[in-house]
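Below are the chains, spelled out letter by letter.
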Amino acid sequence: MTAIVLSYWQQTGIKVGLTLLLIPVGALILGWTFLLKMMSHMQSRLGPMDAGPHGVLQLVADGVKFIQKEDIFPDRADRRVFALAPFVILMSTFLLYLVVPVGPDLVAEDFSTGIFFALAVSSLSVIGILMAGWASANKYSLMGGVRAAGQLIAYELPLVLAVVGVVIQAQSLNLSDIVRAQANGEIFGISFLGNPFVITQIVGFLVFLAAVQAELTQTPFDMPVAESEIVGGYQVEYTGFRFLAFFMGEFGTAFAFAGIAATLFLGGWAVPGVDPDSNVMNVLGPIALFVKVMFVSFLIFWFRFTYPRFREDQLQKFAWTILIPISLVNILVTMVLKVAF
Amino acid sequence: MPKIPGLVKGLGVTFKTMLKPAVTVQYPYEKEEPAPRARGVIALKEDNCTVCMLCARSCPDWCIYIEGHKEKAPPRRPGGKPRTVSALDRFDIDYSLCMYCGICVEVCPFEALFWSPEYEYSEPRLADLLHDKERLGEWMETVPDFEPYEAGSTAKVLKVPR
Amino acid sequence: MTAITDRQKLAYANAQAADGRVNVEIETDEGMTLNMGPQHPATHGTLRIVAKLDGEQVISCEPIMGYMHRGYEKLVEVRTYPQINTLVNRIDWLGSFANEVPFILASEKLMDIEAPPRAQWIRTVLFEMSRLANVSLFLGDMALQLGALTPAFFAFRDREHVLNQIEAATGGRFHPNFDRIGGLKDDLPKGWIADTKKAMQKMRTFCDEIEDLIMGNEIFEARCRGVGVIPGEIAQLYGMTGSNLRASGVDWDLRRDQPVGLAWNEVDWKVWTHPDGDSFARYWVRLQETREATKIIDQLLDGLPAGPVMAKVPRIIKVPAGEAWVSTENPLGEMGYYVVSKGDLGPFRVKIRSASFNNIHIVPWVMRGVYVPDVITILASLYFILGDIDR
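A separate point is the overall build of chain C. Check the secondary structure of chain C and you find 16 helices and eight strands. Relative to the 2.2 N^0.38 estimate, which gives 21 Å for 391 residues, the radius of gyration of chain C is 23 Å and therefore close to what a compact globule would have. Over its C-alpha atoms, taken along the principal directions, chain C stretches across nearly 85 × 50 × 45 Å. Taken over 391 residues, chain C has a buried fraction of 53%. Long-range contacts, defined here as pairs at least 24 residues apart, represent 70% of the contacts in chain C between residues at least 6 apart.

Within chain A, the regular secondary structure consists of twelve helices and zero strands. The linear arrangement of helices and strands in chain A, starting from the amino end, is α-α-α-α-α-α-α-α-α-α-α-α. Computed over its C-alpha atoms, the radius of gyration of chain A comes to 21 Å, within 12% of the 20 Å expected for a compact globule of 341 residues. Taken along its principal axes, the extent of the C-alpha atoms in chain A is 65 × 55 × 45 Å. Sorting the 341 residues of chain A into buried and exposed places 51% on the buried side. Considering only residue pairs separated by 6 or more positions, chain A has 79% of its internal contacts joining residues 24 or more positions apart.

Now for the nonpolar core. In terms of nonpolar packing, the biggest core is built from 211 residues, with Phe-208, Ala-211, Ala-258 and Ala-261 of chain A together with Ile-210 and Val-375 of chain C touching the most fellow members. Listed in part, the 21 residues of the second largest apolar core include Cys-55, Ile-64, Phe-91 and Cys-101 of chain B.

Moving on: the interface of chain C and chain A. Every contact between the two is made by 27 residues of chain C and, on the other side, 23 residues of chain A. Of all elements in the fold, only α1 (6–27), β1 (32–36), α5 (117–146), α6 (150–170), α8 (218–224) and α15 (372–382) of chain C reach the threshold of two or more residues within the side of chain C that touches chain A. Across the side of chain C that touches chain A, the residue classes tally to 20 nonpolar, five polar and two charged.

Turning next to the interface of chain C and chain B. Taken together, the contact pairs 30 residues of chain C with 29 residues of chain B. Mapped by element, the contributors of at least two residues to the side of chain C that touches chain B are α3 (81–88), α6 and α7 (192–215) of chain C. A per-element tally of the side of chain C that touches chain B places α7 of chain C first, with five residues. Its residues assigned to classes, the side of chain C that touches chain B comprises twelve nonpolar, nine polar and nine charged.

The subject of this paragraph is the packing of helix α1 (residues 6–19) of chain B against α7 of chain C. Contact geometry of α1 of chain B with α7 of chain C gives a least axis separation of 7 Å together with a crossing angle of 130°. One element, α1 of chain B, and the other, α7 of chain C, form an angle in the oblique class. Across the interface between the two elements, Lys-9, Gly-10 and Val-13 of chain B from α1 of chain B touch Glu-209, Asp-212 and Leu-213 of chain C from α7 of chain C. A per-class count over the contact of α1 of chain B with α7 of chain C returns two nonpolar, one polar and three charged.

We now examine the pairing of strand β3 (residues 83–94) of chain B. Residues and elements named next belong to chain B. In this sheet, β3 lies alongside strand β2 (residues 64–73) in antiparallel orientation, the contact comprising ten bridges. Opposite Gly-68, over in β3, you have Leu-88 as the bridge partner. Note that β3 and strand β5 (residues 130–131) share two bridges and pair antiparallel. Residue pairing across strands places Asp-94 opposite Leu-130, the latter belonging to β5.

For the rest of this paragraph, the subject is unusual backbone geometry. At the junction of Tyr-27 of chain B and Pro-28 of chain B, the peptide bond is cis and its omega measures out at 5° in the coordinates. Although it is not a glycine, Ser-44 of chain A adopts a positive phi angle of roughly 65°. Taking the C-beta count within 10 Å as the criterion, Ser-44 of chain A has 19 such neighbours and is therefore assigned partly exposed. Its identity is not glycine, yet Thr-217 of chain A carries a phi of approximately 45°, on the positive side. One can find Thr-217 of chain A in the loop between α9 (202–215) and α10 (241–266). Assessed through the 26 C-beta atoms surrounding it within 10 Å, Thr-217 of chain A is described here as buried.

Looking now at the sheet that holds strand β3 (residues 57–64) of chain C. Residue and element names in this part refer to chain C. Strand order in this open sheet of three strands is β1-β2-β3, and the pairing throughout is antiparallel. If you trace the sheet from one side to the other, it starts and ends with β1 and β3, each paired once. Averaged over all adjacent pairs, the angle separating strand axes in this sheet is 20°, with direction ignored. Here strand β2 (residues 48–54) runs beside β3; their pairing, made up of seven bridges, is antiparallel. The residue bridging Ala-51 from the neighbouring strand is Cys-61, located in β3.

Here we have three strands laid out as an open sheet, ordered β2-β3-β5 (chain B), and antiparallel in their pairing. A strand with exactly one partner marks an edge of an open sheet, and here the two such strands are β2 and β5 of chain B.

With that settled, consider the packing of helix α1 (residues 8–42) of chain A against α1 of chain B. For the pair α1 of chain A and α1 of chain B, interaxial distance at closest approach is 6 Å and the crossing angle is 105°. Classified by the interaxial angle, the pair formed by α1 of chain A and α1 of chain B is roughly perpendicular. Side by side, α1 of chain A and α1 of chain B meet where Met-38, His-41 and Met-42 of chain A of the first sit next to Thr-14, Thr-17 and Met-18 of chain B of the second.

With 35 residues, α1 of chain A should cover 51 Å at 1.5 Å per step; its first-to-last C-alpha distance of 48 Å lies within 8% of that length. Looking at the residues trailing α1 of chain A, positive phi occurs at Ser-44 of chain A, about 65°.

All names here are of chain C. With 97% of its residues at a pLDDT of 70 or more, chain C has an overall mean of 88. Across chain C, element-level confidence peaks in strand β8 (residues 349–353) with a mean pLDDT of 93 and bottoms out in α1 with 75. Under the prediction, the complex receives an ipTM of 0.87, its pTM being 0.88.

All names here are of chain C. Residues Ile-49, Ala-51 and Leu-53 of β2 are buried on one face, while the alternating residues Arg-48, Val-50, Lys-52 and Asp-54, pointing to the opposite face, are not. As judged from the five bridges shared by β1 and β2, these two strands associate in the antiparallel manner. Residue Thr-33 lies in a different strand from β2, and its bridge partner there is Lys-52. Following β2, the chain reverses through two residues before pairing antiparallel with β3; Gly-55 in that reversal takes a positive phi of roughly 70°.

Let us look at the environment of Glu-211 of chain C. All names here are of chain C. On the secondary structure map, Glu-211 appears in helix α7. As for Glu-211 and Ala-199, which are separated by twelve residues in sequence, their C-alpha atoms are 18 Å apart. Residues contacting Glu-211, with those up to four places away along its chain left out, are Gly-216 and Leu-287.

With that out of the way, let us pick up the environment of Gln-165 of chain C. Residue and element names in this part refer to chain C. Residue position: Gln-165 is located in helix α6. Residues Gln-165 and Val-260, spaced 95 residues apart in sequence, show a C-alpha to C-alpha distance of 25 Å. Discounting residues that sit within four places of it in the chain, Gln-165 has contacts with Met-129, Asp-195, Thr-196 and Ala-199.

What counts as what
- Residues numbered from 1 in each chain as written.
- Chains lettered and ligands numbered in written order.
- Predicted model: local features only at pLDDT ≥ 70, side-chain atom pairs only at ≥ 80, totals over all residues.
- Helix = DSSP H or I, 4+ residues; strand = E, 2+ residues; numbered from the N terminus.
- Rg over C-alpha atoms; globule rule 2.2 N^0.38 Å.
- Buried ≥ 20, exposed ≤ 12 C-beta atoms within 10 Å, placed from the backbone.
- Contact = placed C-beta atoms within 7 Å.
- Core = buried A, V, L, I, M, F, W, Y, C linked by C-beta atoms within 7 Å.
- Nonpolar A, V, L, I, M, F, W, Y, C, P; charged D, E, K, R; others polar.
- Axes fitted to C-alpha atoms, helices over the stretch in contact; angles between N-to-C directions.
- Parallel < 35°, antiparallel > 145°, perpendicular 65-115°, else oblique.
- Pairing = 2+ DSSP bridges.
- Expected span 1.5 Å × (residues − 1).
- pLDDT = per-residue confidence, 0-100.

What follows is the structure, given as structure tokens:
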């Protein structure tokens, strides 16, 4: 079979298009499965059942509703900043999707410093939140934005430190290499399962999950959007398609982070028993990754619907005095064991 | 036995609830049966009403509108005086005002008003919530019989006149 | 480009002035004014809290009530006793049977009538069931204020059993309107006692679930322990009553200390107090009281005496002239009615002492120096119903 050669711009166009399409699709899948159905069943109720069978089209209907709403600006809001803020967040979500490998040949951009790029780019959303909080000309938004700034910057550190252990074990920052290291590795000589880093880096996995929960401002770390106190925080003045952008940013980023967690700790698109370089992985890989993403998202949303929220000082204390020391110790132990074995 | 941290126990509770069936009753495809004593709508037995106006007077919201007139009925025995009986012209209950307290039903001395558990009578127009004599008579079909009482009760079970 | 209208100039000047005010507020020591207005998810109804903040700390806090004032004491001046009984259901709408009871007892005191024992026992059962309906909502709702979405749904789901039982006996889930001067409107339907015992079992399961889900949760404890500590003497000074008082360590329960014509001294039950006086203590005390209420109801149903449910009262009730005050331990605190009668079909004046109105006056004292999230925790733990505050 002759390879089809596409020009650079055609390739980029396809990659950008597919990634842009994946953001709402990912948000929809996560939203229906966990927000509409899993949350409902955890609360002994059924959730939406009318729009489509078992409510699968409910979020589509919500999307259409949001798009057709009037684009309102508060009177004293800074119009340009207010208008741009949701799209800054969406932009950081889009950049996150670019580096996650979905199959051996299916990755939008195979950076040699993939995970470094992903973590750097995910912190751009803080700017968007601060823009929204300040430009809304609303004291509640201001409080939400300031809380978000403190929280998101504080939780960047455990996020990065938890990944360092994985990088030491895989000996590469490239996400595809990390997947291959897990697929080809072996645990004490048993090689059919590969070496998913969740086994040796369980501490890192838990710290990463907690940090992801905080980065997504999900309960128990949802002080910036504490619905019962500051009524939506930095999102309170947003409506219509800008609110839809926030919503898609939140769930799209959850999908992306779950993808990164699955790639780093659960083996990514690799399936135990199948050769990672074979062509069948280009079809099987996305499915395997999807299953792992759903599992990680299940954990994230399970915590979200069960726990009450922290106060910010308790939240900061949790990050600085518990998560960071634990992840530093994890790195130390990983370094020692890697050199020893 | 080490104590399971509360955080983990909480996760267990939500997980178990997720696996149990949901309790939602999907109205209007499925409906729950209200209790027989549920105060849904008031039914009127027109034959028993003597236009004494006790119910209209005792309503806290003044939502019952009654009009009647006196008629001459034939005497009970031949050769006696003709009797005056009251005839009911208008008996309306305005359900947009009614607070479903039941004072009218309780106060009626002639057993002309009854509670029925029917609740599906919402209307798109507010004026249609004024139920007139005929409609109130139609509700009589939905009035359930009075239930027997618990052990130890000395109350007598009344009968609904059909 | 059209000329700038006067209205636009005025709007611009107003915007500049408003910005100036905010800047002054943020810069000076007086603090930024945060208005948790009448419409807010955290205040249980239309309560307005005006808080002056220094960053995230509260400098001073003032509750403003009255957005739900319905004029009860004026309404009852032109109504008869049965009509008033219907209206007072709606003061504390979650535990509504409990609102009727002190009023009926005050009227019975004026008429010098005592309800038969079966009526008193059934009144107590329904009173405790209204306590269950009210406080189980609190258990779920306080968790909701703190961010946990799930317990609120559990509370509503399991409260349905209690409401169904109230409906089976009285006809109304929320507004029973069942108490009458001299007894009750009707007797219990067949099978009610067995069904109610099953409902009590479900409530006990609910309490266990809540204990696992919320009370053992470390995050909940971190949010609530030490937050909003009200010492016992201060609570008594401010006239707080009910579970709030018992959570501050004061052993005071009207059901035991001021028995009125109801059946609490016939059964074996315990008054729960907690020495701490913080928000966790208030939650804990109410959870224990919910369990205790299920036990009280079970014992009452086991020993229900036979007999009539209504004493001999005339058909048209005219209460003789006089004044009477009766207060009971309602789910929210101490609720009392002072009925002044002139011998008419309706009272001359009724003064309603509602529990939440007195409970909420501790807010300015307790909110000095707490954080904004703690404001929500304390308001949620004090537990008031706006209908009870504003009447």
